[in-house]
Amino acid sequence: MNKPKKISSLTPIEAAAEAADLRRQILHHDKLYYQKDAPEISDAAYDALRKRLEAIEQVFPALATQDSPTQKIGARPAREFAKVRHAVPMLSLANSFSDEDVIDFFDRVRKFLHLPDDEKLEILAEPKIDGLSCSLRYEKGLLVQAATRGDGEEGEDVTANVKTIKTVPQKLPKGAPEVLEVRGEVYITRADFEKLNQAQAAAEEKIFANPRNAAAGSLRQLDPRITEIRPLRFFGYALGEVSEAVAATQEGIRRKLSQWGFVVPEPETVVDSPSSLLKFHARVYEERPTIDYDLDGVVYKVNSLDYQKRLGFISRSPRWATAHKFPAEQAETILHKIVVQVGRTGTLTPVAELEPINVGGVLVSRATLHNEDEMARKDIREGDYVIIQRAGDVIPQVVKSLPARRKKSSRPFVFPDRCPECGSLAVREEGEVAKRCTGGLICPAQAVERLKHFVSRTAFDIEGLGDKIIREFWEEKWIKTPADIFRLAKYAETLKEREGWGELSVKNLLEAIEERRTISLERFIYSLGIRQVGQATAKKLAQHYQNLDHLLSQMKECRDREGAAFQSLLGIEDIGPSVAEDIVGFFAEPHNQHAVKDLQRELTVKDFERSKTVHSPVTGKTVVFTGKLLKMSREEAKAQAEALGAVVASSVSKNTDYVIAGEDAGSKLKKATELGVKVLSEDEWLKLAPP
Ligand code: IVH
């Protein structure tokens, strides 16, 4: 784009022409934004257009017509929905892909519940709808709020839009609980989707890639009048907050939902063996082409709500349910080029750049090749015809190449020995599948990827700091370490003048950053991007160390691998020697110490908050289970202890408060006696921490 002329040097004719052009552009973008939910330019670029028009009108007041977009007050209003915090988190489902996974699920549940062999375990199965999950809140029988899932804790308020959906009851019949949250899926049938796209094409409007995208685009409209004319529907399949129990089984919930006027997914079955589940899965898969909405699998749910309660959750998904996915969709295309990407911990990942192709309704142009060995094993080369597949929301993969159709000139891909981003040596440590860039701090790719991780949705969740902007600010040297993000305000004036930015977008960004100056300990730990430390491990660390100062001082002590601190770290559930080494190694690195200290100056890191309402004699205590328990499975005992706020460790140290010794307890019991740790029998424990 040419640099715009100084306004003072425009002739009146030039000014009039430019103003007219700007108005046309602004109106065009307003339409895309408001009516089609498909903006083509950033908010910042839009602000820049308005700013230029305003400036011209100021110098040439005759051009400031009544109907100019500048006469509307303010810039385009924040295109945002209000946030809604879910009273009960909206979780996701663990996936099963194979028959074995389903058998494992069934056995795992039985084992957790400690079910005797002659006791049946009922499972309800129903289709998994590929739409958008939504939570509908009814109070005194009236629909008062509807929210999208969001990150599971907080979603967007789409009440006005959901009220336009015909299959959502506005009012519940008498007898429904005072407070009732119904969870389900908003979707569009395939027939309606075709019709919608035809209408869109006729009106020269956006064509949707698949019914799911169409449903998402239609639900997230700022103008509910548009949602109203879109053919959205709703299936109910679960409950959130309820003021009173409504059923004893999942099947009972389905029945109630129907009575209250909701449509529930069909077909449905209740069975008590994995083989029957598999049969149902096969049946639905077979019927899939005749079903008028997109399904991506079958959901299995433990039928008894009492069992569901006992089973509880692990990380973000319930132990009592699993999604049995349908086989991945495959397609054939050409692999143009193999590029090697560098991740935040230096891992080199080969990625295939493909001739774009539609796989099960999604346009795919890149797919992962996993690592050097995989690629060599499958003999995948540039220029090959390849089969790719996509399953659910996982990254598309290259399954195999079709060597028969290969050109004579084709050569195997030579995996680089050096990092493509910084040129440092790339090495592969023993036992690892991936080559890793040794550039560490000097590698720009690693630095940028770490920053991207830091601001990502599951970490600091800073809106407006997308990948491109992070890279730009990094190249500008405005952000070198995470703490620099919190000092961006000093560049505000410079930024405002930039192409693509404006007053409003800078203000929004700085506000989004300010909102994150206070953060939970677990998010903080996760954000650091320590190798092998995902959300679940970060939470365990937060729970174990309680506050940041304690964590940091313990990490110092951990440098003595024989000492009590390192043993205590190893004692945390699921933290083995390799993870422990990565954690301690991270905090031993002076650069990381500096980065953390720097962050501490900018932030308030909150102490670990245990799940609100629990006050029990075991809250905050560290406990170890050993030997065979008789009343419940080891796993249930652990889960229940954690629910009461106890920290369950896997080895005994002087920090252990209680050792619960079942039958035939061995070395851990011995160690507890030696260290003088209090030992409880299973019954004593149950008295102290009743379920
Ligand atoms: S039950 C605790 N039943 O799949 C979670 N979910 O991939 C209870 N979904 O987040 C969910 N059809 O949005 C359930 N029949 C069904 C479903 C279903 C689709 C969605 C749901 C969930 C996602 C997980």
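As the structure is a prediction and not an experimental result, all values here were calculated from the model.

## Considering the site of the ligand
Around the ligand, the neighbouring residues are L91, L93, E126, P127, K128, I129, S133, E185, Y237, V299, K301 and P318. Here an oxygen atom of the ligand and a backbone polar atom of L91 are 3.3 Å apart. Note that an oxygen atom of the ligand is positioned 3.2 Å from one of the side-chain N or O atoms of S133. Those elements that place two or more of their residues in the shell around the ligand are β3 (123-129) and β10 (295-302). Its residues placed into classes, the shell around the ligand shows seven nonpolar, one polar and four charged.

## Some details on the packing of aromatic side chains
All told, the structure shown has 13 aromatic pairs when counted by the stated rule. Here the aromatic rings of F460 and F486 are separated by 5.9 Å at their centres, their planes lie at 65°, and the arrangement is edge-to-face. Remark: F486 occurs in the loop between α14 (482-485) and α15 (492-496) and F460 occurs in the loop between α12 (444-455) and α13 (467-475); sequence separation between them is 26 residues. In terms of burial, F460 and F486 fall into one category: buried. Ring plane angle 50° and centroid distance 5.3 Å describe the contact between F473 and W478, whose orientation is recorded as tilted. Taking the relative accessible area as the measure of exposure, F473 reaches 0% and is therefore buried. Through a chain of ring-to-ring contacts, the aromatic side chains of F473, W478, Y491 and W501 assemble into a single cluster. The ring of F566 carries R561 above its face, with NZ or CZ at 5.1 Å from the centroid.

## Here we look at helix α21 (residues 577-588)
Here α21 spans 16 Å end to end across twelve residues, near enough to the 16 Å set by a 1.5 Å rise per residue. When we look at burial in α21, the residues that qualify are V579, A580, D582, I583, V584, F586 and F587.

## Regarding empty space enclosed by the protein
Tallied over the entire structure, the rule returns four cavities of 30 Å³ or more. Roughly 70 Å³ of volume is contained in the largest cavity. Taken together, H544, S568, G571, I572, T622, A649, S651, S653, N655 and T656 make up the full set of residues lining the largest cavity. Tallied by class, residues from the lining of the largest cavity come to two nonpolar, eight polar and no charged.

## Focus: the sheet that holds strand β7 (residues 179-187)
Across a sheet, paired strands are connected by hydrogen bonds in the backbone, their directions being either parallel or antiparallel. Strand order across the open sheet formed by four strands is β5-β4-β7-β8, with antiparallel pairing between neighbours. Both edges of this open sheet fall to β5 (142-148) and β8 (233-242), since each of them pairs with a single strand only. Along the sheet, successive strands turn relative to each other by an average axial angle of 30°, direction set aside. Against the sheet, helix α6 (residues 211-219) engages β4 (132-139), β5 and β7, with an angle of about 40° to β4. Helix α8 (residues 250-259) contacts β7 and β8 of the sheet and is inclined by roughly 120° relative to β8.

## Considering the environment of P396
Checked against the element boundaries, P396 lands in the loop between β17 (385-390) and β18 (397-401). Separated by 32 residues in sequence, P396 and V364 have C-alpha atoms that sit 7.5 Å apart. Aside from chain neighbours lying at most four places away, what touches P396 is V364, R366, A367, T368, Q389 and R390.

## Focus: the pattern of salt bridges
Per the counting criterion, the structure on display carries 63 salt bridges. Of the charged contacts in the structure, one is a salt bridge between E57 and R23, with a shortest N-O distance of 3.0 Å. Of this pair, E57 sits in helix α2 (residues 43-59) while R23 sits in helix α1 (residues 12-35), and the two are 34 residues apart along the sequence. By relative accessible area, E57 is classed as buried at 7%. By relative accessible area, which is 16% here, R23 ends up buried. A salt bridge links D467 to K452, with the shortest nitrogen-to-oxygen separation between them at 4.0 Å. Of this pair, D467 sits in helix α13 while K452 sits in helix α12, and the two are 15 residues apart along the sequence.

## A short note on the nonpolar core
If you look at the biggest cluster of nonpolar residues, it comprises 56 residues, and the most contacted ones within it are F473, I485, F524, L541, M555, L569 and I583. At six residues, α21 tops the list of elements feeding residues into this core. Beyond its immediate stretch of four places on either side in the chain, I485 contacts L451, F454, V455, I462, L465, I479 and I513. By size, the runner-up hydrophobic cluster in this structure holds 32 residues, among which are A176, L239, W260 and F262.

Rules used in this analysis
Residues numbered from 1 in each chain as written. Predicted model: local features only at pLDDT ≥ 70, side-chain atom pairs only at ≥ 80, totals over all residues. Heavy atoms only, no water. Near = heavy atom within 4 Å. Polar contact = N/O pair within 3.5 Å; in protein donor to acceptor, adjacent residues only side chain to side chain. Helix = DSSP H or I, 4+ residues; strand = E, 2+ residues; numbered from the N terminus. Nonpolar A, V, L, I, M, F, W, Y, C, P; charged D, E, K, R; others polar. Phe/Tyr/Trp six-rings, centres within 6.5 Å; stacked < 30°, edge-to-face > 60°. Buried < 20%, exposed > 50% of the residue type's maximum accessible area, 1.4 Å probe, protein only. Lys NZ or Arg CZ within 6 Å of the ring centre and 35° of its normal. Expected span 1.5 Å × (residues − 1). 1 Å grid on protein atoms, 1.4 Å probe; cavity = no way out; pocket = protein on both sides within 12 Å on 5 of 7 lines; lining within 4 Å. Points joined across faces, edges and corners; volume = space filled by probe spheres on them. Pairing = 2+ DSSP bridges. Axes fitted to C-alpha atoms, helices over the stretch in contact; angles between N-to-C directions. Contact = heavy atoms within 4.5 Å. Salt bridge = Lys/Arg side-chain N within 4 Å of Asp/Glu carboxyl O. Core = buried A, V, L, I, M, F, W, Y, C linked by side-chain atoms within 4.5 Å.

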